[in-house]
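# Descriptive analysis of the structure
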Amino acid sequence: MYPIRRLGTLSFLACLLLACQKPSTSLAYISNQGDNSISVIDIKQQKVTNTIAVDHAPVGIAGSAELARLFVTNVDSQNVSVIDTNTNQVIHTIPVNGSPVGIAISPDHKRLYIADWYSNRVLAINPMTYHIINETVVEKAPAGIIVSPDSLRLYIAVRDSNEIAVLNTKDLSTLKRLSVGEHPFGIALTSDGNILFSANVYDNTVSIIDTHDWQQTKVSVGDHPYCVTASQDNKTLYVTNTLDESVSVIDIASKQIVATINVGETPEGINFDANHQRILVSNWGENNVSIIDAKTHKIISTITVGDRPRAFGQFIIAR
Amino acid sequence: MKQFLALIAMAVFSLSAIAHGPTPQKIDNRVIIKAEPAKVWAMVKDYENVQKWLPTVKSVSVEKKGADIVRTIVLKNGIKLKDKIKQVDDANMKIKFEVIEGGPFSNYNPYISVDKGPNAGESEVRFFHRFYRQYPNNPPIPEGQDEASAIKFINDTYVPGNENLKKVLENAK
């Protein structure tokens, strides 16, 4: 029907349109607890493109591309900064009156969850109106939190109880308390929600948990593991060992360590960037971020950020 | 009585290990020393004789507790510090500690590492301290248990060793 050349032009235009729909890069938002700021890293360009001032001692990060919002827990000022990711401006501050650390947004973008670790509370907030919809008590010291892909369950690493709490997001009722290793802090899920991971700081293990039958395997990692993240294909788990300056790479199916990557001092926050197949690690002791190639496990770039970067939570947003 | 004391000691130990505040603190210093790394490392790794270069120390004793090596340092001001020797890594010339008792801090994990310096025959020593304030709960923080108190204690107790290690090694030539 069309001459070959016309078809070529058409498909070229279609690709161009499609490309506009697809994320072109990913941004990493690194919370710098020592200087009260967020460093914005463009992962494609491998550089800091912006620095956003927030309130006192930012730790936890949760972001949503759909809402164009970033939420940051400022533990020492006891509040949450709301940032418009289109303008990089702080547009609101949500008071928490406690010690907000862990924070997560539901995949349906309807709820923001905040863990208040000294007051043992978990808050459910409307991310656009900032109204507190519900709150519950989760003892003791709720730290890392994450929501299931269907937005129905909230998983909480309950640090001082050595447990994972599973909450029903409808009413914040407790579905399950599961014993893990000592002092679970960071928490992660596979993208299909079938496997849950916790970094157990004091016994130097990671728990790998089936979210259907709650079967659990513990894998020994390095000294003081803090945070965990899974690759997009759900095959590989990455763990930061804060007192070993390394990242353990675990094959999820066989539950074996397949590599150890040396990074900077005191690695804490870790996320997987599916766009570029990169792993980002914030090195608290070194004030930088390592960008690691997921295939070769080599550090391809080290980016200087602010003082004492934590990057606790889901800190990468695809754009 | 002995058992009772041991129980108390255990309770104190586990308390200090359990809870900590939300904001870790960092003191990270580097000193260039005009001495070969092997020579510097030999002095740094000799944790039983830290009084040779840490000027605040009066005496040191070391005991094995199961798999742990626990060192007791008595300071010249009378304060008694206990730390665990976590790792002595000869390949990377790095010694890691966990200070478990004796000062206004919690979860205190320092290390000292030795690297090649900028010039031949020189070393770079890194003194890295990661710790939390002593008070594990929400404000109000009792006097003497805040971040500033922990930082001051470490600055007063350990940091004078940085320059003194340099002095001792450079004068030993």
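Remember, it's a predicted structure, so these values are computed and weren't measured experimentally. (Residues numbered from 1 in each chain as written. Chains lettered and ligands numbered in written order. Predicted model: local features only at pLDDT ≥ 70, side-chain atom pairs only at ≥ 80, totals over all residues. Heavy atoms only, no water.)

## Topic: the overall build of chain B
Our working rule: Secondary structure is summarised from DSSP: a helix means a run of H or I of at least four residues, a strand means a run of E of at least two, and numbering begins at the N terminus for each. Any residue under 20% of the maximum accessible area for its type is buried, any over 50% is exposed, and the rest in between are partly exposed; the area is computed with a 1.4 Å probe on protein chains only. Pairs of residues are marked as contacts when any of their non-hydrogen atoms sit within 4.5 Å. Here, Shrake-Rupley sampling with a 1.4 Å probe gives the accessible areas, and only protein chains in the shown set may cover a residue.
Secondary structure assignment for chain B yields 4 helices and 7 strands. Within chain B, the proportion of its 173 residues that are buried is 45%. In chain B, 52% of the contacts between residues at least 6 apart in sequence involve partners at least 24 apart. Put simply, chain B shows about 8800 Å² of open surface, and 56% of that area lies on carbon and sulfur atoms.

## Regarding the environment of Val114(B)
Residue and element names in this part refer to chain B. Tracing the backbone shows Val114 in strand S6 (residues 105-116). Residue class for Val114 comes out buried when judged on its relative accessible area of 1%. For Val114 and Trp41, which are 73 residues apart along the polypeptide, the C-alpha to C-alpha distance reads 6.1 Å.

## Quick word on the confidence of the model for chain A
For clarity, the threshold we go by: For every residue, the pLDDT score states the predictor's confidence, bounded by 0 at the bottom and 100 at the top.
Overall, the prediction assigns chain A a mean pLDDT of 93, with 93% of residues at 70 or greater. Taken as a whole, residues 1-20 of chain A scores under 50 in pLDDT and shows 1 contact with residues more than four places along the chain or in a different chain.

## A word on the pattern of salt bridges
Here is the rule we go by: Criterion for a salt bridge: a side-chain nitrogen of Lys or Arg within 4 Å of a carboxyl oxygen of Asp or Glu.
Within this structure, the stated rule accounts for 26 salt bridges over all chains. Across the salt bridge formed by Glu124(B) and Arg30(B), the nearest N and O atoms sit 3.4 Å from each other. Of this pair, Glu124(B) sits in strand S7 (residues 123-133) while Arg30(B) is found in strand S1 (residues 25-33), placing the two residues 94 residues apart along the sequence. Accessibility expressed as a relative area gives 44% for Arg30(B), which makes it partly exposed. The partner of Asp83(B) in a salt bridge is Arg71(B), with the nearest N and O atoms 2.8 Å apart. Pair noted here: Asp83(B) is in strand S4 (residues 80-89) and Arg71(B) is in strand S3 (residues 68-75), with a separation of 12 residues, a long-range link. Here Arg71(B) falls in the buried class, since its relative accessible area comes to 4%. A single salt-bridge network, built from bridges that share partners, covers Glu265(A), Glu286(A), Asp28(B), Arg30(B), Glu124(B) and Arg126(B).

## Observations regarding the interface of chain A and chain B
For the record, the criterion: In protein, a polar contact means a hydrogen-donor-capable atom and an acceptor-capable atom, both N or O and within 3.5 Å, with residues adjacent in sequence counting only if both atoms are side-chain atoms; elsewhere, any N or O pair within 3.5 Å suffices.
The interface is formed by 31 residues belonging to chain A together with 27 residues belonging to chain B. Run the count over chain A and chain B and you get 8 salt bridges. The salt bridge partner of Glu245(A) is Lys94(B), with a shortest N-O separation of 2.4 Å. Seen at the junction of chain A and chain B, the total is 18 residue pairs in polar contact (both at pLDDT 80 or more).

## Focus on helix H4 (residues 160-171) of chain B
Residue and element names in this part refer to chain B. To be explicit about the condition: A helix is expected to span 1.5 Å for every residue after the first.
The first and last C-alpha atoms of H4 sit 17 Å apart over 12 residues, in line with the 16 Å expected at 1.5 Å per residue. Taken residue by residue, H4 has Gly161, Asn162, Asn164, Leu165 and Leu169 as its buried positions. Each element contacted by the buried residues of H4 is listed here: S1, helix H2 (37-45) and S7.

## A short note on the confidence of the model for chain B
Chain-level statistics for chain B give a pLDDT mean of 89 and a share of 87% at 70 or above. Looking at the elements of chain B, mean pLDDT is at its lowest for helix H1 (residues 2-18) of chain B, recorded as 44, and at its highest for H2(B), recorded as 98.

## Thoughts on unusual backbone geometry
All names here are of chain A. The omega angle of the peptide bond from Glu139 to Lys140 is 0 degrees, so this bond is cis rather than trans. If you trace the backbone, Lys140 turns up in the loop between strand S11 (132-137) and strand S12 (142-147). A positive phi angle, near 65 degrees, is found at Ala57, a position not held by glycine. Here Ala57 shows up in the loop between strand S3 (47-53) and strand S4 (58-64). By relative accessible area, Ala57 is classed as buried at 1%. One non-glycine residue, Tyr130, lies in the positive phi region at around 70 degrees. By the element assignment, Tyr130 lies in the loop between strand S10 (121-125) and S11. Residue classification places Tyr130 among the buried residues on the basis of a relative accessible area of 18%.

## Overview of the sheet that holds strand S26 (residues 288-293) of chain A
Strand pairing in a sheet takes place through backbone hydrogen bonds and is either antiparallel or parallel in direction. Residue and element names in this part refer to chain A. Condition: When DSSP locates at least two bridges between a pair of strands, those strands are taken to pair. Helix axes are fitted to C-alpha atoms over the stretch in contact, other axes to C-alpha atoms as well, and angles between N-to-C directions run from 0 to 180 degrees.
An order of S24-S25-S26-S27 is seen for the 4 strands of this open sheet, with the pairing classed as antiparallel. For this open sheet the edge positions go to strand S24 (267-273) and strand S27 (299-304), each flanked by a neighbour on one side alone. Shown here is a sheet whose adjacent strand axes are inclined to one another by a mean of 20 degrees, direction ignored. With 5 bridges connecting them, S24 and strand S25 (residues 278-283) associate as antiparallel partners. From the neighbouring strand, Pro267 faces S25, where its bridge partner is Asn283.

## Focus on the packing of aromatic side chains
Residues and elements named next belong to chain A. What counts, and what does not: In this analysis, rings of Phe, Tyr and Trp, with Trp reduced to its six-membered ring, are considered paired at centre separations within 6.5 Å, and the interplanar angle assigns stacked below 30 degrees, edge-to-face beyond 60, and tilted for intermediate values.
Counting across every chain of the model gives 12 aromatic pairs over all chains. Considering the side-chain rings of Tyr238 and Phe272, the 6.1 Å spacing of their centres and the 20 degrees angle between planes classify their relative orientation as stacked. Taken as a pair, Tyr238 in strand S21 (residues 236-241) and Phe272 in strand S24 lie far apart in primary sequence, 34 residues in all. For Tyr238, a relative accessible area of 2% gives the class buried.

## Details of the pairing of S11(A)
Residue and element names in this part refer to chain A. With 5 bridges joining them, S10 and S11 adopt antiparallel strand pairing. Within the sheet, the bridge partner assigned to Arg121 lies in S11 and is Val137. What sits between the antiparallel neighbours S10 and S11 is a turn of 6 residues, in which Tyr130 has the positive phi angle 70 degrees.

## Here we look at H2(B)
Residues and elements named next belong to chain B. The line we're drawing: What the arc describes is the spread of directions from the helix axis to the C-beta atoms.
Residues of H2 that are buried include every one of Pro37, Val40, Trp41, Met43 and Val44, and no others. Looking straight down H2, one finds that the buried residues subtend no more than 165 degrees of arc, so they occupy a single side. Along its buried surface, H2 packs onto S1, S4, strand S5 (94-101), S6, S7 and H4.

## Here we look at the sheet that holds strand S8 (residues 100-105) of chain A
Residue and element names in this part refer to chain A. Here 4 strands make up an open sheet; going across it, the order is S8-S9-S10-S11 and the pairing antiparallel. Each of the sheet's edge strands pairs with one partner strand only, and the pair in question is S8 and S11. Sheet twist, expressed as the average angle between the axes of neighbouring strands with direction ignored, equals 20 degrees. Looking at chain direction, strand S9 (residues 112-116) and S10 are connected through 5 bridges and run antiparallel. Opposite Asp116, over in S10, you have Arg121 as the bridge partner.

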